[in-house]
Amino acid sequence: MRSDAPADVVIMGAGAAGALFADRLTAAGQRVVVLEAGEGWALSDLVSSQIWARRLKWGGAPVLPGGAHPFGHNFAVGSGMGGSAIHHYASWPRLRAQDFRLGSTLGLGQDWPIDAATLAPWYDRVQAEMLISGDAAAEGRDGAPYPLPPVKVFAQARLLARGFAARGFAVCPNPMAVMTEDRDDRPECLYDGWCDAGCPTGTLANPLVVHWPRALAAGAVLRTRANVLAIATDAAGRATGLDYVDAAGERAHQPAARIVLAGAAVQNARLLLASRSTAHPLGFGNAHAQVGRWFNCHSIGNVHGLFTEQTEPHMGLAAGGLMSFADYGKQRESGPRGSITWGIAPAVKPNDLLGLAMTRADLFGPALHAFMAKAARHIGIINAICENLPVADNRIELATETDRFGVPLARIVHTLHPDSAALWEHALQDGETILRAAGATQVWSGRQRALGHVSGGTIMGRDPVTSVTNDIGQIHGAANVVVAGGGLFPSIGAVSPTFTVLALAARTAAAMIDERGRFAA
Amino acid sequence: MTDRRTLLKGLALIAATVGGVERLLTPAQAQAAALPLKRLTPAQARTLAAFGEALVSGAAALGLAHYVDDQLAKRQAENLLMIRYLDVPPPWDGFYSGALAAVDGLARIRHDVDFAALDAGQAAALVGEIAAGPDPAGWAGPPAGLAYFVIRADAIDVVYGTEAGFARLGVPYMAHIPPESHW
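Residues numbered from 1 in each chain as written. Chains lettered and ligands numbered in written order. Predicted model: local features only at pLDDT ≥ 70, side-chain atom pairs only at ≥ 80, totals over all residues. Heavy atoms only, no water.

Per an unreviewed UniProt entry, chain B carries the name Gluconate 2-dehydrogenase subunit 3 family protein and comes from Polymorphobacter multimanifer.

Chain A has the name Choline dehydrogenase-like flavoprotein in an unreviewed UniProt entry, where Polymorphobacter multimanifer is given as its organism. In UniProt, chain A has this text filed under Sequence similarities (unreviewed entry): "Belongs to the GMC oxidoreductase family." (UniProt positions renumbered as here; feature names shortened; annotations may be inferred.)

Printed below as a string of structure tokens:
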């Protein structure tokens, strides 16, 4: 096996967290090598088409489904430089204080080893750097105000807001990593709804816009189509780097003093489990059989209505211009536990999984054409992000099948907590009430449960027996190996995870720079 | 970095050599030129076109069968079909051949002919049966609901997912980087 020139840090994964680490560590003068299994995208690759955008979704080793509620992995996870954040919706709410204490308040899962106040300054730093728009006061959250004013809203959002008002649910601007004015060579958004197809203009803060240009200019080495096989260890079991197959198919060892696992959450856990040796018979960092456990995700409920008014559903942002935190409490007087946020008025295209035609998957032939003609001008959509409660046995495990390099595939075993199954139903019923109150003449819900956003599998915690990493992502017992991403979350809250992923990564990267000795093998 | 021109040749359009010169064809052009199929048999292509047309009228003429056939010949990471989202392990040739065989098999049970030979009313009734779930009696293939969903999505892509498709609905396309060709 070829051995590459040693690096100070080797990072697996060139997504949002990997890009931030590469940026911070190269700026601090460290030699950084990033190994990315997918393509090296450029902004010019972000073609405005829901068909072409599928290139950006998962195209790596298959992830096998399991459990009573199989997780749809391939739609939720990205592939290549920028990772999921290259096609994400850029809705960046923060987790709330109660999200960090599920273990002590509900007796479910584990508390986070940090609280909201600890993470708040890191949210503040990231939002100042990435430039987020919104209205913190309207959200009812603490911390620094957003650096940019809220996004514009269009006819659809204005109509739907009537329904939320009638329900007694306050709405606020959706906090978006999207420019609402020209600044720092990044232009104001045009509100054409291509966010999740990949925004090439620089208005949406994807990794190709903010972190990657700086990291590459500062000397970070990015190797694409580089599939990591295992964490390499010495005779004592200490991590010495990553073994991988390069783009030409040659096996190589990348030695490094420190390792950051910033792949997709499923792939991080898969790599740890597959890195077995005499010193690590259950896999690296898995002495207590915790790697893979507490896999979690969101249940997403879409509710639709047709209005007599024109709704301009092609205008706006794919995440919707407004949001509601009104049902964020963990417990209800009667009903299931868990938080809900509502996204309001997403811009929608005719095709693809979340497109107009899929809102009525039962229609075909002439009835479909008639529906499309009407919906293209008159549809209104709200979507509930429902918190799934943590379940220890929901897990990422190794399958007996292997990929083309002989590494076992990952399987996700996922069965919803009964409260979480009920919470989704509760949200759909509430959403239909809201749509009718908004004046929709026809209301229906998507009855196919959508599961999105990945968390868990490498959770952080104080106790090495019940968690995989400490509060800055260091694997217990392996100080020079750090995990990044949503896999660290002990519980998921009811907000999109990207902002929290970056706040955690920024905190850990700062520690790797300021307290370097703490990360020695 | 990925070369976009290379991707264009390999993804959205179908590369063909005509008179010694390589040309990029839309699926409809490829179909009109009777370009040889890469993965589907002619019989499978006929069934796919007829089934897709019953799902989303216009799909057959817009080259649904050539589009799916061309995509099935791509490596997984370059494939643009909706099925890549749906956690069906690749390669996907088997899924399509199984689904199309099941569609034809059901047509033969009900009407003693392949699906492509059904009249519009018979085709619509059979599609309704497949869409309603669970698997109709006599269905032998991947889950009928999934087959319906996947092929309907392909037909929607061809009819509505392009600049021309948006235009048919009167929806402004508003591209930042437009796809290379009107299909």
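After that view, the rundown keeps rolling.
Visitor: Would you mind showing me how to read the packing of helix α6 (residues 155–167) of chain A against helix α11 (residues 418–438) of chain A here?
Guide: Angle between the axes and distance between the axes are the two parameters that describe a pair of packed helices. All names here are of chain A. In contact at an axis separation of 7 Å, α6 and α11 are set at 115 degrees when each is read in the N-to-C sense. In this view, α6 runs roughly perpendicular relative to α11, as classed from their interaxial angle. In this structure, α6 crosses over α11, and the sense of that crossing is right-handed. Packed against α6, whose contacting residues are Leu 159, Leu 160, Arg 162, Gly 163, Phe 164, Ala 166 and Arg 167, the element α11 presents Asp 430, Ile 434, Leu 435, Ala 437 and Ala 438 at the interface. Its residues placed into classes, the contact of α6 with α11 shows eight nonpolar, one polar and three charged. (Axes fitted to C-alpha atoms, helices over the stretch in contact; angles between N-to-C directions. Helix = DSSP H or I, 4+ residues; strand = E, 2+ residues; numbered from the N terminus. Parallel < 35°, antiparallel > 145°, perpendicular 65-115°, else oblique. Left-handed = near helix turned anticlockwise from the far one by under 90°. Contact = heavy atoms within 4.5 Å. Nonpolar A, V, L, I, M, F, W, Y, C, P; charged D, E, K, R; others polar.)

Visitor: Can you walk me through the sheet that holds strand β14 (residues 395–402) of chain A in this structure?
Guide: The strands making up a sheet associate through backbone hydrogen bonding, with each pair oriented either parallel or antiparallel. Residue and element names in this part refer to chain A. Taken together, three strands build an open sheet; the order of strands is β4-β15-β14 and the sheet is mixed. Bordering the open sheet on either side are β4 (63–66) and β14, each of which pairs with just one other strand. The mean angle between the axes of side-by-side strands here comes to 35 degrees, regardless of whether they run parallel or antiparallel. Against the sheet, helix α8 (residues 265–274) engages β4, β14 and β15 (408–413), with an angle of about 65 degrees to β14. (Pairing = 2+ DSSP bridges.)

Visitor: Just checking my understanding: could you explain the packing of aromatic side chains for this structure?
Guide: Ring pairs (aromatic) are described by centroid distance and by the angle formed between their planes. Residue and element names in this part refer to chain A. Applying the stated criterion across every chain yields a total of 16 aromatic pairs over all chains. With a centroid separation of 5.4 Å and an interplanar angle of 25 degrees, the aromatic rings of Trp 92 and Phe 499 are classed as stacked. Of this pair, Trp 92 sits in the loop between α2 (73–76) and α3 (102–106) while Phe 499 sits in helix α12 (residues 498–514), and the two are 407 residues apart along the sequence. Summarising the burial analysis for this pair, Trp 92 and Phe 499 share the class buried. By the ring-pair criterion, three or more aromatic residues cluster together here, those being Trp 92, Tyr 123 and Phe 499. The ring of Trp 122 is capped by Arg 125, whose NZ or CZ atom sits 4.1 Å from the centre of that ring. A cation over an aromatic ring shows up here: Arg 360 above the ring of Trp 444, its NZ or CZ 5.9 Å from the ring centre. (Phe/Tyr/Trp six-rings, centres within 6.5 Å; stacked < 30°, edge-to-face > 60°. Buried < 20%, exposed > 50% of the residue type's maximum accessible area, 1.4 Å probe, protein only. Lys NZ or Arg CZ within 6 Å of the ring centre and 35° of its normal.)

Visitor: Is there a simple way to explain α12 of chain A in this structure?
Guide: A turn of α-helix holds 3.6 residues, and therefore any two residues three or four places apart point the same way. Compared with the 24 Å implied by 1.5 Å per residue over 17 residues, the 24 Å span of α12 of chain A between its first and last C-alpha is a close match. With 15 of 17 residues buried, α12 of chain A is to be regarded as a mostly interior element. (Expected span 1.5 Å × (residues − 1).)

Visitor: So what exactly am I meant to see when it comes to the UniProt feature "domain: Glucose-methanol-choline oxidoreductase C-terminal" (unreviewed entry) in chain A here?
Guide: On the UniProt side, "domain: Glucose-methanol-choline oxidoreductase C-terminal" (unreviewed entry) is annotated at positions that read residues 390–505 of chain A here. End C-alpha atoms of residues 390–505 of chain A are separated by 22 Å, and the span's content is 25% helix alongside 28% strand.

Visitor: Could you clarify how one ought to interpret the packing of helix α3 (residues 42–55) of chain B against helix α5 (residues 93–111) of chain B in this entry?
Guide: Residues and elements named next belong to chain B. Running from N to C, α3 and α5 point in directions that differ by 75 degrees, and their axes come no closer than 10 Å. Classified by the angle their axes make, α3 and α5 are roughly perpendicular. On the side of α3, the interface is formed by Gln 44, Thr 47, Leu 48 and Phe 51, while α5 contributes Ser 97, Leu 100, Val 103 and Asp 104. Taken together, the residues of the contact of α3 with α5 break down into four nonpolar, three polar and one charged.

Visitor: Looking at this model, I keep getting lost on the side chain of Asn 286 of chain A. Mind explaining?
Guide: Residue and element names in this part refer to chain A. Take Asn 286: it is sitting in the loop between α8 and β10 (296–306). Asn 286 gets classed as buried once you look at its relative accessible area, which sits at 6%. Leave out the neighbours within four places in its chain, and Asn 286 touches Leu 273 and Val 291.

Visitor: Could you clarify how one ought to interpret the pattern of salt bridges in this entry?
Guide: When the charged atoms of two side chains with opposite charge come close together, those side chains can pair. Residues and elements named next belong to chain A. Considering all chains together, one arrives at 38 salt bridges over all chains under this definition. Across the pair Asp 99 and Lys 330 runs a salt bridge, and its minimum N-O distance is 2.4 Å. Here the residue Asp 99 occupies a position in the loop between α2 and α3, and Lys 330 occupies one in the loop between β11 (322–324) and β12 (340–344), the gap between them amounting to 231 residues. Residue classification places Asp 99 among the buried positions, given a relative accessible area of 0%. (Salt bridge = Lys/Arg side-chain N within 4 Å of Asp/Glu carboxyl O.)

Visitor: Which parts of the structure should I look at to understand the pairing of strand β8 (residues 239–245) of chain A?
Guide: Consecutive side chains along a regular strand alternate between the two faces of the sheet. Residue and element names in this part refer to chain A. Where burial is concerned, most of β8 is hidden: six out of the seven residues are buried. Two elements, strand β7 (residues 227–233) and β8, share six bridges in a ladder whose sense is antiparallel. Within the sheet, the bridge partner assigned to Asn 227 lies in β8 and is Val 245. Between β7 and β8, which pair antiparallel and follow one another directly, the connecting turn spans five residues, one of which, Gly 237, has a positive phi of 90 degrees. Where β8 and strand β9 (residues 251–261) come together, five bridges link them in antiparallel fashion. By the bridge assignment for β9, Leu 242 is matched with Gln 254.

Visitor: Would you mind going over the interface of chain B and chain A with me for this structure?
Guide: Reports often express the size of an interface as the amount of accessible area lost when the parts come together. On the side of chain A, 55 residues touch chain B, which itself brings 48 residues to the contact. At the boundary of chain B with chain A, total buried surface from both sides reaches about 4500 Å², with 62% on carbon and sulfur atoms. Looking only at chain B, the three residues that lose the most surface to chain A are Tyr 85, Asp 87 and His 176 of chain B, adding up to 17% of its buried area. Applying the counting rule to chain B against chain A returns two salt bridges. (Buried area = accessible area lost by both parts, 1.4 Å probe.)

Visitor: Teacher, can you tell me more about the environment of Glu 163 of chain B here?
Guide: Considering the arrangement of structural elements, one finds Glu 163 of chain B in helix α8 (residues 163–169). Expressed as a C-alpha distance, the spacing of Glu 163 of chain B and Ile 130 of chain B, which sit 33 residues apart in the sequence, is 30 Å.

Visitor: What is the right way to look at the nonpolar core in this model?
Guide: Note on soluble globular proteins: their nonpolar side chains tend to be buried together. With 118 residues, the main nonpolar core has Ile 11, Phe 21, Trp 212, Ile 231, Leu 242, Val 260 and Leu 261 of chain A as its most contacted residues. Considering every element that reaches this core, the biggest residue donor is α12 of chain A, with 11 residues. Apart from residues no more than four positions distant in its own chain, Phe 21 of chain A is found in contact with Ile 11, Val 260, Val 482, Ala 484, Ala 505, Thr 508, Ala 509 and Met 512 of chain A. In terms of nonpolar packing, the next biggest core, distinct from the first, is built from 75 residues, Ala 376 of chain A together with Leu 40, Leu 126 and Tyr 173 of chain B among them. (Core = buried A, V, L, I, M, F, W, Y, C linked by side-chain atoms within 4.5 Å.)

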